[in-house]
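In case you want the letters, here they are:
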Amino acid sequence: MNHSQQSNEAKHDDDAALSEFLASLMDYTPTIPDELVEHYLGKSGFQCPDVRLIRLVAVATQKFVAEVANDALQQCKARQASIIKDKRDKQQKDKRLILTMEDLSKALHEHGVNVKHQEYFADSPSTGMDPASRDE
């Protein structure tokens, strides 16, 4: 068997696998609804009547969100483990995990998404305003 025959067979196998995968997307109901994916694709200027492609984008998005959530969880666990080491008080070890914006920002940064958030959040709309201009 020569090289060109092998590459033709490999290409045929790849095409068959792709066709099978795309066909399986017709029976799959992704977590992210087709309408939501179509909306955001439309906002970016992409129109496609093929449901298989819409679902492929939904699956890729679902995978991305799951990876970011998992990375943020790992960041949270690492942060809370360092807090426990600092306190040296193992009896007050709280089993609850509290995900912070910092955890999420670090996880997103690992995936190439830079998030900028306010340095502080106001408790009320008048916080930080001049006392004379407040309507109290």
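Rules used throughout
Residues numbered from 1 in each chain as written. Predicted model: local features only at pLDDT ≥ 70, side-chain atom pairs only at ≥ 80, totals over all residues. Heavy atoms only, no water. Core = buried A, V, L, I, M, F, W, Y, C linked by side-chain atoms within 4.5 Å. Buried < 20%, exposed > 50% of the residue type's maximum accessible area, 1.4 Å probe, protein only. Helix = DSSP H or I, 4+ residues; strand = E, 2+ residues; numbered from the N terminus. Contact = heavy atoms within 4.5 Å. Salt bridge = Lys/Arg side-chain N within 4 Å of Asp/Glu carboxyl O. Patch = residues over 30% accessible without salt bridge, like charges linked within 9 Å, V, L, I, M, F, W, Y side chains within 5 Å. Areas by Shrake-Rupley, 256 points an atom, 1.4 Å probe, with all protein chains shown as cover. Lys, Arg positive; Asp, Glu negative; His and termini not counted. Charge placed at Lys NZ, Arg CZ, Asp CG, Glu CD. Polar contact = N/O pair within 3.5 Å; in protein donor to acceptor, adjacent residues only side chain to side chain. Arc of directions from axis to C-beta.

When a protein is soluble and globular, its nonpolar side chains tend to lie buried together. Core analysis: the biggest nonpolar cluster contains 5 residues, these being Ile32, Val37, Leu41, Ile54 and Ala58. Of all the secondary structure elements, the ones that give two or more residues to this core are helix H2 (34-43) and helix H3 (51-87). Here Leu41 is in contact with Phe46, Ile54 and Val57, once residues within four sequence places are set aside.

Let us now look at the pattern of salt bridges. Scanning the entire structure with this criterion turns up 5 salt bridges. With its nearest N and O atoms 3.1 Å apart, the salt bridge here joins Arg55 to Asp34. Of this pair, Arg55 sits in helix H3 while Asp34 sits in helix H2, and the two are 21 residues apart along the sequence. Considered together, Arg55 and Asp34 belong to a single accessibility category, that of buried residues.

For the rest of this paragraph, the subject is a negative patch on the surface. Together, Glu9, Asp13, Asp14 and Asp15 give the surface a local cluster of negative charge. For Asp13, the location among the structural elements is in helix H1 (residues 3-27).

A few words on the environment of Arg79. Within the element layout of this structure, Arg79 appears in helix H3. Expressed as a C-alpha distance, the spacing of Arg79 and Ile98, which sit 19 residues apart in the sequence, is 9.9 Å. If we skip the residues at most four places from it in the chain, Arg79 touches Ile98, Thr100 and Asp103.

This part takes up the side chain of Arg55. Under the relative-accessibility criterion, Arg55 is labelled buried at 15%. Polar side-chain contacts of Arg55 include one of 3.2 Å to the backbone oxygen of Tyr28. For Arg55, the contacting residues outside a window of four places in its chain are Leu25, Met26, Asp27, Tyr28, Pro30 and Asp34.

Before going further, it helps to examine H2. Among the residues of H2, Asp34, Val37 and Leu41 are the ones counted as buried. The buried residues of H2 occupy an angular sector of 65 degrees when projected down its axis, which confines them to one face. Exposed and oriented more than 90 degrees from the buried face of H2 are Glu35 and Lys43. One or two residues past the end of H2 sits Gly45, with phi positive at roughly 95 degrees.

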